[in-house]
Amino acid sequence: MKHQPEGLYPFPLSAEEEERARQLHEQMIIIDLLFQGPLSPQAIPAEVSEQLREQCEPYRDQPMEYSMMPAKLIKGMIARGELAEFQEEWYRSGITAGNRELDLSSPESVVTSMGDVQRQFDAVEWLDKALTAEDIREAKRSGRKAGIVTAQENDGLGKNLDLLDTLHHFGLRILQLTYNNQNYVASGCMEPKDGGVSKFGARFIGRMNELGIIVDTSHCGKQTTLDACSLSAQPVIASHTGAEAIYGHARCKSDEEIKAIAATGGVIGVFAMPWFVHGDPNDTTMEHVLNHIDYIVQLVGADHVGIGTDWPMSDVEWALVHFKEHVAPMLGFAKGDGPSTETVKGLEKYSHFINFTRGLVARGYRDEEIAKIMGGNWLRVFEQVWG
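Residues numbered from 1 in each chain as written. Predicted model: local features only at pLDDT ≥ 70, side-chain atom pairs only at ≥ 80, totals over all residues. Heavy atoms only, no water.

A few points about the environment of L161
- Structurally, the position occupied by L161 is in the loop between β4 (145-151) and α7 (162-170).
- Residue classification places L161 among the buried residues on the basis of a relative accessible area of 9%.
- On a C-alpha basis, the gap between L161 and F204 in space is 6.7 Å, while along the polypeptide they are 43 residues apart.
- Ignoring sequence-local partners within four residues, the contact set of L161 consists of F200, R203, F204 and R207. (Helix = DSSP H or I, 4+ residues; strand = E, 2+ residues; numbered from the N terminus. Buried < 20%, exposed > 50% of the residue type's maximum accessible area, 1.4 Å probe, protein only. Contact = heavy atoms within 4.5 Å.)

Here's the deal with the packing of aromatic side chains
- Using the criterion set out here, one finds 14 aromatic pairs in the structure.
- Considering the side-chain rings of F35 and W90, the 4.9 Å spacing of their centres and the 70° angle between planes classify their relative orientation as edge-to-face. Of the two residues, F35 is situated in the loop between β1 (31-32) and α2 (46-56) and W90 in helix α4 (residues 85-93); the sequence distance between them amounts to 55 residues.
- Ring geometry for W275 and W311: centres 4.9 Å apart, planes at 85°, overall edge-to-face. (Phe/Tyr/Trp six-rings, centres within 6.5 Å; stacked < 30°, edge-to-face > 60°.)

Here's the deal with the pattern of salt bridges
- Evaluation of the coordinates by the stated rule reveals 24 salt bridges.
- The partner of E19 in a salt bridge is R22, with the nearest N and O atoms 2.5 Å apart. Taken together, the residues E19 and R22, both in helix α1 (residues 15-27) and three residues apart, mark about one turn of the helix. (Salt bridge = Lys/Arg side-chain N within 4 Å of Asp/Glu carboxyl O.)

Regarding the environment of Y66
- On the secondary structure map, Y66 appears in helix α3 (residues 63-79).
- Classification of Y66 as buried rests on a relative accessible area of 1%.
- Distance from Y66 to V327, taken between C-alpha atoms, is 9.8 Å for residues 261 residues apart in sequence.
- Contacts of Y66, omitting those with residues within four sequence positions, involve R53, C56, E57, Y59, R60, W318 and H322.
- Within the structure, the side chain of Y66 is placed 2.7 Å from the side chain of R60, a separation counted as a polar contact. (Polar contact = N/O pair within 3.5 Å; in protein donor to acceptor, adjacent residues only side chain to side chain.)

Quick notes on empty space enclosed by the protein
- Scanning the model with the defined rule gives one cavity of 30 Å³ or more in all.
- In this model, the largest cavity occupies a volume close to 30 Å³.
- Taken together, L33, L34, T150, A151, Q152, I174, D216 and S239 make up the lining of the largest cavity.
- Class assignment of the residues belonging to the lining of the largest cavity gives a composition of four nonpolar, three polar and one charged. (1 Å grid on protein atoms, 1.4 Å probe; cavity = no way out; pocket = protein on both sides within 12 Å on 5 of 7 lines; lining within 4 Å. Points joined across faces, edges and corners; volume = space filled by probe spheres on them. Nonpolar A, V, L, I, M, F, W, Y, C, P; charged D, E, K, R; others polar.)

Comments concerning the packing of helix α14 (residues 354-362) against helix α15 (residues 367-386)
- Taken N-terminus to C-terminus, the directions of α14 and α15 make an angle of 150°; their axes are 10 Å apart at the nearest point. With respect to α15, the axis of α14 lies roughly antiparallel. Considering the relative orientation of α14 and α15, their crossing is right-handed. When α14 is examined against α15, the residues F356, T357, L360 and V361 are found in contact with a partner set consisting of I370, I373 and M374.
- The class makeup of the residues in the contact of α14 with α15 is six nonpolar, one polar and no charged. (Axes fitted to C-alpha atoms, helices over the stretch in contact; angles between N-to-C directions. Parallel < 35°, antiparallel > 145°, perpendicular 65-115°, else oblique. Left-handed = near helix turned anticlockwise from the far one by under 90°.)

A closer look at the environment of F11
- With respect to the helices and strands, F11 occurs in the segment before α1.
- In this structure the C-alpha to C-alpha distance between F11 and S351, which are 340 residues apart in sequence, comes to 17 Å.
- Beyond its immediate chain neighbours, meaning those up to four positions away, F11 contacts M286, E287, L290, N355, R358, G359 and A362.

A closer look at the pairing of β4
- Counting buried residues along β4, seven of its seven residues qualify, which places the element largely inside the surrounding structure.
- Sheet topology note: the strand β2 (residues 97-102)/β4 ladder contains six bridges and is parallel. Opposite G98, over in β4, you have G147 as the bridge partner.
- Where strand β3 (residues 127-129) lies against β4, three bridges are found, and the strand directions are parallel. Each residue of the ladder has a partner; that of K129, found in β4, is G147.
- Once you follow β3 into helix α6 (residues 133-142) and on to β4, the crossover reads as right-handed.
- In this sheet, strand β5 (residues 172-176) lies alongside β4 in parallel orientation, the contact comprising three bridges. Paired with V149 across the bridge in β5 is L172.
- With α7 bridging β4 and its parallel neighbour β5, the resulting β-α-β unit is right-handed. (Pairing = 2+ DSSP bridges. Right-handed = clockwise from strand over helix to strand, strands pointing away.)

Now the structure itself:
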């Protein structure tokens, strides 16, 4: 399935450079490790958005349910084959593998999200669950796509380490220690006092290492990140973050954290969330995202940088607006501080993903460096931790 790229960001590339970028994008294994896609508000037909609004209207007085329900309904439409855009956008993007996320925030959500994620793998014949690095390589060879089972929180597990074994058996391969706030394991990046990793958290990380579940520190506080790097026997990652030196947001990592992650053999994934990479979310471009990539490469080398966009969402615009106004504050986000409807100029849709490759070409990166940043570095860590 081949498509002419659309939405090309105006990088100053020659015709020869454009062809080089196109060929690289087709040939490389590309991994987005916080892949909210492949849909986005711009890729979901307007009539579908209105249909979902009507279905959700009875829940308007329940902010969390009202905001989250459209995304759940979209997953159901995908499973029933009712949204052709799901396959079209993924293939146009060129992304080989992206994560499929579990919700481990409560015991109930653990069960329901496992069902939702498995339903997608069962229903989408061209999508494979990646349990090993070789599964991703095979997906590339066969023209299929791979889904990596991940989670951003673990509150629903309580202190039952045995549940990690069950989740690993299901396919969980990457797990974040905490999401913004404090839990049994560690302190999040929005906590006023960062207590780092707890005694239980040290055992939690040890079990993750034993099973082959990668330790993700994206939403973790600074001390938690540093503690994780010293405690883990396997590479530590930040699947979706930025460089604090480029934009001083709590969701970005300090030089000390970036160096600590790299020292474990890990990778720092750069996100494309307008509120976290640049001061004006209405005027955030691919150049701003590339500034974070450049900085981290200069700090720790091209072997330790990847992509984890985390945006745009597979959702509808009206639900995102409601989420920002009514739900985000309950999750630890500061007032007015994403997520919402803004997108990075050059990544309004996942089908524009070639702009990462084009941008790296424009910035003077060599082919082998581009291949590492676009997916090769993630694959190296997967091979080491998963086998």
